[in-house]
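Here is how the chains run, residue by residue.
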Amino acid sequence: MGVVADASSSVVEIKVYGHWSQQLGEQIIAGLELCLAGPSEAIIVDLRDFSDLHGLSLRYWLAAQRKAQGGALPVILALCMPPATMLGYRLRHHDGNSLPLFATMGEARAAVVGRLRRGHRWQTRLAPVPLSVRAARGLVERACDTWQLHDLRQGAALVMSELAANAVEHAGTEFVLTVLRRGRDLHLAVRDGDTRFPRLVERTRAGQRLPITEGGRGLMLVHAVAARWGAIPAHGGKVVWATVSA
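In this text, all values refer to a predicted model and were calculated from it rather than measured experimentally.

Rules used in this analysis
- Residues numbered from 1 in each chain as written.
- Predicted model: local features only at pLDDT ≥ 70, side-chain atom pairs only at ≥ 80, totals over all residues.
- Heavy atoms only, no water.
- Axes fitted to C-alpha atoms, helices over the stretch in contact; angles between N-to-C directions.
- Helix = DSSP H or I, 4+ residues; strand = E, 2+ residues; numbered from the N terminus.
- Parallel < 35°, antiparallel > 145°, perpendicular 65-115°, else oblique.
- Left-handed = near helix turned anticlockwise from the far one by under 90°.
- Contact = heavy atoms within 4.5 Å.
- Nonpolar A, V, L, I, M, F, W, Y, C, P; charged D, E, K, R; others polar.
- Salt bridge = Lys/Arg side-chain N within 4 Å of Asp/Glu carboxyl O.
- Buried < 20%, exposed > 50% of the residue type's maximum accessible area, 1.4 Å probe, protein only.
- Pairing = 2+ DSSP bridges.
- Right-handed = clockwise from strand over helix to strand, strands pointing away.

**Q** Honestly, the packing of helix α5 (residues 131–146) against helix α6 (residues 153–171) in this entry has me stumped. Any pointers?
**A** A packed helix pair is summarised by two numbers, namely the angle formed by the two axes and the spacing between the axes. Taken N-terminus to C-terminus, the directions of α5 and α6 make an angle of 150°; their axes are 8 Å apart at the nearest point. The orientation of α5 with respect to α6, classified from their angle, is roughly antiparallel. The crossing of α5 and α6 is right-handed. Residues Val133, Ala136, Arg137, Val140, Glu141, Cys144 and Asp145 of α5 lie in contact with α6, whose contacting residues are Arg153, Ala156, Ala157, Leu158, Met160, Ser161, Ala164, Ala165 and Val168. Tallied by class, the residues present in the contact of α5 with α6 amount to eleven nonpolar, one polar and four charged.

Next comes the structure, spelled out in structure tokens:
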């Protein structure tokens, strides 16, 4: 399996390779659960290089659809596969199945983007300069005020400041900042042009922090304040995200 996110990590693409097996099915479900834990609004699964001659993976995709639809705000799940497959036939003829199927990734992307909700997502592009950290914090504060998420304002602004500071200091590229409201949760994401993933500061036995070049001290704060956080590969870079909850 391979995972890649768009600039905001709102749309995540999962590429599945190889022949169907129960072990692969468990890996698929685990990967989907990780994506659903983050700020994803839509997940496209590319099955063009996936072989399932008898459509035995049907129940795994139906289970994945239930997981995607089961949250406070449902996540769009779409599959891309050749039209003349047994799995596609079984999905199209299964009672109650609402999984959208597409023949090409271009069709899937266009359909998914057209269904994304707009009023609960703020996004901007910032330069890799220190003033951008203040701008990132200000965007989060304004978003919280607009959405009346006053109890999340301080923590979310602090987390976004650290994510933006890491992008400025360590990536050194333009970055796209996204604030996404999902119910009472706030998802924060920073997409930069550096493919290196961030790491937490490690500690010695005496409790002293070890030196690190990946902004680990800021991530310790993110780890302490956010309900969960992570990083996803993106085309030509990565997305680092965090969720702040009441």
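**Q** What exactly am I supposed to notice about the side chain of Asp194 here?
**A** Within the secondary structure, Asp194 is located in the loop between β8 (185–192) and α7 (216–225). With residues up to four places along the chain from it excluded, the contact list for Asp194 reads His170, Ala171, Thr173, Gly236, Gly237 and Lys238.

**Q** Any chance you could explain the pattern of salt bridges here in plain terms?
**A** In a structure, side chains of opposite charge can pair up when their charged atoms sit close to one another. Following the criterion strictly, the structure yields 14 salt bridges and no others. Across the pair Arg184 and Asp151 runs a salt bridge, and its minimum N-O distance is 3.2 Å. With Arg184 in the loop between β7 (175–182) and β8 and Asp151 in the loop between α5 and α6, this residue pair connects regions lying 33 residues apart in the sequence. Across the pair Arg228 and Asp185 runs a salt bridge whose closest N-O atoms are separated by 3.9 Å. Of this pair, Arg228 sits in strand β9 (residues 228–234) while Asp185 sits in strand β8, placing them 43 residues apart in sequence. Taking the relative accessible area as the measure of exposure, Arg228 reaches 32% and is therefore partly exposed. Counted as one network, the salt bridges with shared partners bring together Lys15, Asp46, Arg48 and Asp49.

**Q** Help me understand the environment of Leu188, please; the structure alone is not making it clear to me.
**A** When you line up the elements, Leu188 lands in strand β8. Overall, Leu188 belongs to the buried group, its relative accessible area being 0%. C-alpha separation for the pair Leu188 and Trp229, spaced 41 residues apart in sequence, amounts to 9.1 Å. Sequence-distant contacts of Leu188, defined by excluding residues within four places in its chain, comprise Val140, Ala156, Val159, Met160, Leu163, Thr178, Val179, Val240, Trp241, Ala242 and Val244.

**Q** Can you help me understand the pairing of strand β4 (residues 76–80) in this one?
**A** Of all five residues making up β4, five are buried, and the element is well covered by its neighbours. Where strand β3 (residues 42–51) meets β4, five bridges bridge the pair, whose relative direction is parallel. Among the inter-strand pairings, Val45 is bridged to a residue of β4, identified as Leu79. Here β4 runs beside strand β5 (residues 101–102); their pairing, made up of two bridges, is parallel. When the sheet's bridge partners are listed, Cys80 is paired in β5 with Phe102. Following the backbone out of β4, through helix α3 (residues 86–92) and into the adjacent parallel β5, one traces a crossover that is right-handed.

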